[in-house]
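Descriptive analysis of the structure
Single-letter residue listing:
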Amino acid sequence: MEKHIVKADGIGAIDVNGQVSPVTYTVRVKEGKGPSFEVDIRLMAPRDWLLQKGFNRDAVLVSQSGARIPVYHHDGNHHDDGHHHDGRLDPADAVSIELSARDDSCISEVDLRRKYPEFDGAG
């Protein structure tokens, strides 16, 4: 069976230590194993803003539905270059930082659309 991927954009807010800023994000869903759906959430946030707000490894995305979704910075430097960030930001990182989350808690399409209204106009 073809695992189709549906992609939608949303507008929400990013919350770092109680300081909130508007943000756009992308939600992708594909059929997971069994009845559940695999939802992949990604957003780009300005590195300097994150550093100023005391960002460590994770922030909270407040999505269009009002759900609070923890998003994480996955450090792309997996090769050992002597300094290990474990997801912490570094002023040497790219100007825009990708934060992402995976959610596989939705077990029906109704569930999915309730939690992610972004998909209503998609697909």
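Please read all numbers here as calculations on a predicted model, not as lab measurements. (Residues numbered from 1 in each chain as written. Predicted model: local features only at pLDDT ≥ 70, side-chain atom pairs only at ≥ 80, totals over all residues. Heavy atoms only, no water.)

Looking now at the pattern of salt bridges. Within this structure, the stated rule accounts for nine salt bridges. With a closest N to O distance of 3.9 Å, Asp40 and Arg102 form a salt bridge. With Asp40 in strand E3 (residues 37–46) and Arg102 in strand E6 (residues 96–103), this residue pair connects regions lying 62 residues apart in the sequence. (Salt bridge = Lys/Arg side-chain N within 4 Å of Asp/Glu carboxyl O. Helix = DSSP H or I, 4+ residues; strand = E, 2+ residues; numbered from the N terminus.)

Turning to the environment of Pro46, a few remarks are in order. Along the polypeptide, Pro46 turns up in strand E3. For Pro46, a relative accessible area of 46% corresponds to the partly exposed category. (Buried < 20%, exposed > 50% of the residue type's maximum accessible area, 1.4 Å probe, protein only.)

Moving on, we get to unusual backbone geometry. Non-glycine residue Asn17 carries a positive phi angle of around 50°. Structurally, Asn17 can be placed in the loop between strand E1 (5–16) and strand E2 (19–31). Residue Asn17 is classed as exposed on the basis of its relative accessible area, which comes to 58%.

What follows deals with the confidence of the model for the protein chain. A residue-level look at the protein chain finds 85% of positions with pLDDT of 70 or above and a mean pLDDT of 85. Throughout residues 78–84 the model reports pLDDT below 50, and contacts reaching past four residues in sequence, or to other chains, amount to zero contacts. (pLDDT = per-residue confidence, 0-100. Contact = heavy atoms within 4.5 Å.)

Here we take up the sheet that holds E1. Strand order in the closed barrel formed by six strands is E1-E2-E3-E6-E5-E4, with antiparallel pairing between adjacent strands. With strand direction ignored, the average angle separating the axes of adjacent strands in the sheet is 40°. The sheet contact formed by E1 and E2 spans 12 bridges and is antiparallel. Counterpart to Val6 in the pairing with E2 is Val29. (Pairing = 2+ DSSP bridges. Axes fitted to C-alpha atoms, helices over the stretch in contact; angles between N-to-C directions.)

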